[in-house]
Amino acid sequence: MVASSVLGFPRIGSANREVKKAVEAYWAGKISADALTKAAAEVKKTSWINVKAKGVDFVPSGEFSLYDHVLDHSAAFNVIPTRYVGLGLSPLDVYFAMGRGRQSEGVDVPASEMKKWFDSNYHFVVPEFSDETDFKLNFNKAVEEFKEAQAAGVTTRPVVLGPISFLVLGKPSKEAKPGFQPISLLPKLLPVYKTLLADLKVAGAEWVQIDEPVLVLDTAASLGKQFSSAYAELAPVSPKILLTTYFSRLDSNLTYVAKLPVAGLHIDLDRAPGQLDEVIAAVKPTSIVLSLGLVSGRNIWKTDFAAAIKSGQKAIDALGQDRVVVATSSSLLHTPVTLASETKLTPEQKDWFSFALEKAGEVATIAAVLSGSQDAKVAAALEENTASIAKRRAFEANSDDAVRKRVAAVTPEQLERQSPFAVRKEIQAKHLNLPKFPTTTIGSFPQTKEIRQARAKLGKGEITEEEYEEFIKKEVETVVRFQERIGLDLLVHGEPERNDMVQYFGEQLHGFVFTQNAWVQSYGSRYVRPPIIVSDVSRSGPMTVKWSSYAQSLTKLPMKGMLTGPVTILNWSFPRADVSRELQSKQLALALRDEVIDLEKAGISAIQVDEPAIREGLPLRRSDWDAYLKWAVDSFKLSTAGVTDQLQTHSHFCYSDFDDIFPSIQRLDADVISIEASKSDMKLLNTFKQYGYSNQIGPGVYDIHSPRVPGSQEIKDRLKSMLDILPDSLLFVNPDCGLKTRGWKETEASLVNLVEGAKWARENYA
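Since the structure is predicted, the reported quantities are computational estimates derived from the model, not experimental observations.

How each quantity is defined
Residues take numbers from 1 onward in each chain, read along the sequence in its written order. Predicted model: local features are reported for residues with pLDDT of at least 70 only, side-chain atom pairs are reported and counted for 80 or more only, and whole-chain, interface and lining totals are derived from all residues. Note that water and hydrogens are dropped before the side-chain values are worked out from all heavy atoms of the structure. Inter-axis angles, ranging from 0 to 180 degrees, are taken between N-to-C directions of lines fitted to C-alpha atoms, where helices are fitted over the stretch in contact. Comment: elements are numbered from the N terminus, with helices defined as DSSP H or I runs of at least four residues and strands as E runs of at least two. Note on convention: the crossing is left-handed when the near helix lies turned anticlockwise from the far helix by less than a right angle, right-handed when the turn is clockwise. In this description, contact between two residues means that some pair of their heavy atoms is separated by no more than 4.5 Å. Amino acids outside the nonpolar list (Ala, Val, Leu, Ile, Met, Phe, Trp, Tyr, Cys, Pro) and the charged list (Asp, Glu, Lys, Arg) are all regarded as polar, and Gly is one of them. UniProt positions are given in the numbering used here, feature names are shortened, and annotations may be inferred rather than shown by experiment. One bridge is not enough; two strands pair if DSSP finds at least two bridges between them. As used in this record, nonpolar core signifies buried Ala, Val, Leu, Ile, Met, Phe, Trp, Tyr and Cys residues forming a set joined through side-chain atoms within 4.5 Å. To sort residues, take the accessible area from a 1.4 Å probe on protein chains only and compare it with the maximum for the residue type: under 20% means buried, over 50% means exposed, and anything in between is partly exposed. Domain boundaries shown here were taken from an automatic or database domain assignment. Two parts lose some accessible area (1.4 Å probe) when they are put together, and adding that loss for both gives the buried area. By definition here, a salt bridge exists when the distance from a side-chain nitrogen of Lys or Arg to a carboxyl oxygen of Asp or Glu is within 4 Å. Two N or O atoms count as a polar contact when they lie within 3.5 Å, although within protein this holds only if one can serve as hydrogen donor and the other as acceptor, and sequence-adjacent residues are included solely when both atoms are side-chain atoms.

S.K.: Help me out: how do you make sense of the packing of helix 7 (residues 186-203) against helix 8 (residues 224-234) in this one?
M.R.: Relative placement of two packed helices is described by the angle separating their axes and the distance separating the axes. Between helix 7 and helix 8, the least distance of the axes is 9 Å, while the angle of their chain directions is 35°. In this structure, helix 7 crosses over helix 8, and the sense of that crossing is right-handed. Together, Leu-186, Leu-190, Tyr-193, Lys-194 and Leu-197 of helix 7 and Gln-226, Ala-230, Glu-233 and Leu-234 of helix 8 make up the contact between the two elements. Split by residue class, the contact of helix 7 with helix 8 holds 6 nonpolar, 1 polar and 2 charged.

Here's what the structure looks like:
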């Protein structure tokens, strides 16, 4: 028999986002820790039962989280930075302080650093290690949830982040000695893992899924000895180990992985289908069970059963049915919960898609077909899938010839500004008349309850379009007057009309469809509803000119137009699977190019085209980088290069390690870039110093992902550190990111301190 498996499930609850609401209610002091635990327990139970009901053999447990699974791991293994110790907080409040910071009841600590989880839009909290890290098992989450699921009538396969990935994904703490590498702690860490796994075995777990996603990275090539020694220690005391990889291919790392004493190996055949033959050949002489990631954990398209069955049969022919498992390619964390919550998609559109719960059904059906099932329901599901895929392929055959021809006609000249930056800088300085150390924000201002209610009323038809626009005008004016009052130099309109930085643009472009409740976790309690690209993309008319122009009419200070860049719109949407990402990105770029040109014609003097996802979209294997970076950078330049020299272009990046792609960041040729810096201890700035960056730059002086208000001295200290590295003639002063998720009280206090910091810099670095 071929078994079926799901590697992980969304932890948000249902369309009602029960976990988000419970967590935020706890933060607000509206519910107790016990009530939060109870709400989480109900969501976990429902997920286990629903996945099992779809016919899945291996149901995951232990991967649920109130904030982040890596943060859970740090808390469980006592990897708690010293700044969070001895504050008189409960373990739960220490946990949340690490994730989002805390500034209340005499406690003032910033949040830990966050990074993107490989090439996804999910953010994880970075563990911090030093020689003094004291590993111990504060709690065994894997055992607790295994037993919790058993009590609900479901036997699960626990999920644990692997020891080597845990260390490699971390960083040296401030207390670490120079040259310290977290991987050196492996001998100290393994005894704690052995305890965790032995306890799981005693609890009755037959299998354990140990995630080692770093195995798809080039850097894992040097970790063969660590993997061999670690799993030689773990295997004898553990339940049967499924070593799990995802998001890319094993490549040369397969040489040592196939020799590890594990019972199973999972590979991602959605993102890396070409690795199947090589992996089959490597594991065939062993007894390793091969888990095939045939159902995508990263997109929302219905699985093509015929193609999946073909790959599965190849593995069966080589290994036999008992050594093959049909699985999701990765955790379904990256997909919405269920299509059942969508009532406004057309029948044709709904037939294209498969969300997490539907994907659980897909793995079970594919496994049943490969097992030779004669069940009429399985045969019907296979027949329905064949018809559905045929309809989708027929739709995909349509294209917008005008859009395709326009992309094909793009010339190298369209990617370049009229003059080099040195020339543009002087022209822009005269035109904008900004002071030294100009202050600005990244774009969005708080999306208040009133703004969300007005948007909801418009959607329900409770107010007219005219009434809504009058409301938005007042919100824009409030933001403009606020910025004038506190002394910001380059203003924004605040984006009150925008629901999301990607969705807003998708709703005004041809080629997208939208969901009602297809929420996906981005970080903590922050969820997004990614648009879905279904056909060729084009712009029917101006998307932002109206509100930027109105904001500019309210003030004599320069106004910055705000757009989301083509690569970010692509990466933060569910893209098409039938055409290349390059084609989709360039279609988006041309639509945005038209918008940038229209904004300049309307009198806007600075335009920010955000690309926070450009580093995120980088392929995980270095050999694949050049092709991606070529079209990604070209897409940004195509968006921004159609304007005059006096138009100042900005772009924003967050959670990006630029060291290895710095030449590409330089090639963007944005007049000003703003980057996340405060949350990562400004380590990015050393990269700019190392390579020498000639254009202007705004390293974030405070972290907006935390409600904590930075003191003015803290901002001054950060500016001083920046000025030790960067030329003062290039420095802008801004927050780390947009202010959409923050409240007005903390926003005002933080920006007042930011402006004070800039004034201090002008006085001391004249």
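S.K.: So what exactly am I meant to see when it comes to the UniProt feature "domain: Cobalamin-independent methionine synthase MetE N-terminal" (unreviewed entry) in the protein chain here?
M.R.: In the numbering used here, UniProt assigns the "domain: Cobalamin-independent methionine synthase MetE N-terminal" (unreviewed entry) feature to residues 4-311. This span, residues 4-311, is 37% helix and 16% strand, and a straight line between its end C-alpha atoms measures 15 Å.

S.K.: Please explain the sheet that holds strand 22 (residues 672-675) as it appears in this structure.
M.R.: Each strand in a sheet pairs with its neighbour through backbone hydrogen bonds, running either in the same direction (parallel) or in the opposite one (antiparallel). Taken together, 5 strands build an open sheet; the order of strands is 19-20-21-22-23 and the sheet is parallel. Whereas interior strands pair on both sides, the edge strands pair on one side only; in this sheet they are strand 19 (560-564) and strand 23 (696-699). For this sheet, the mean inter-axis angle between neighbouring strands, taken without regard to orientation, is 20°. Bridge count between strand 19 and strand 20 (residues 606-610): 5 bridges; the pairing is parallel. Pairing of Thr-564 across the sheet is with Asp-610, part of strand 20.

S.K.: Explanation requested: the nonpolar core in the structure shown.
M.R.: One broad trend across soluble globular proteins is that nonpolar side chains are buried collectively. Of all hydrophobic cores here, the largest spans 123 residues; its most connected members are Trp-117 and Leu-265. With 9 residues, the top contributor of residues to this core is helix 7. Of the residues that make up this core, three or more belong to each of domain 1 (3-103 + 121-397) and domain 2 (421-765). Setting aside its immediate chain neighbours within four residues, Trp-117 contacts His-69, Val-70, Tyr-122, Phe-124, Leu-161, Leu-169, Pro-213, Tyr-246, Phe-247 and His-334. By size, the runner-up hydrophobic cluster in this structure holds 83 residues, among which are Leu-563, Leu-570, Ile-607 and Trp-625.

S.K.: I tried to follow the domain arrangement of the protein chain on my own but got confused; where do I start?
M.R.: Buried accessible area, meaning the area lost when the parts come together, often serves as the stated size of an interface. The assigned domain composition of the protein chain is domain 1 (3-103 + 121-397) and domain 2 (421-765). The distance between the C-alpha centroids of domain 1 and domain 2 comes to 33 Å. On the side of domain 2, 37 residues touch domain 1, which itself brings 49 residues to the contact. Together, the buried faces of domain 1 and domain 2 total about 3800 Å²; carbon and sulfur atoms form 52% of this surface. When residues of domain 1 are sorted by the area they lose upon contact with domain 2, Gln-103, Asn-121 and His-123 head the list and together hold 16% of the total. Where domain 1 meets domain 2, there are 3 salt bridges. When the shortest N-O distance is used, the salt bridge between Asp-251 and Arg-621 registers 3.6 Å. Where domain 1 touches domain 2, the interface holds 23 residue pairs in polar contact (both at pLDDT 80 or more). Secondary-structure elements contributing two or more residues to the side of domain 1 that touches domain 2 are helix 1 (18-27), helix 4 (91-100), strand 3 (102-104) and helix 14 (376-396). In terms of residue count, the dominant contributor to the side of domain 1 that touches domain 2 is helix 1 (4 residues). Of the residues that constitute the side of domain 1 that touches domain 2, the class distribution is 20 nonpolar, 13 polar and 16 charged.

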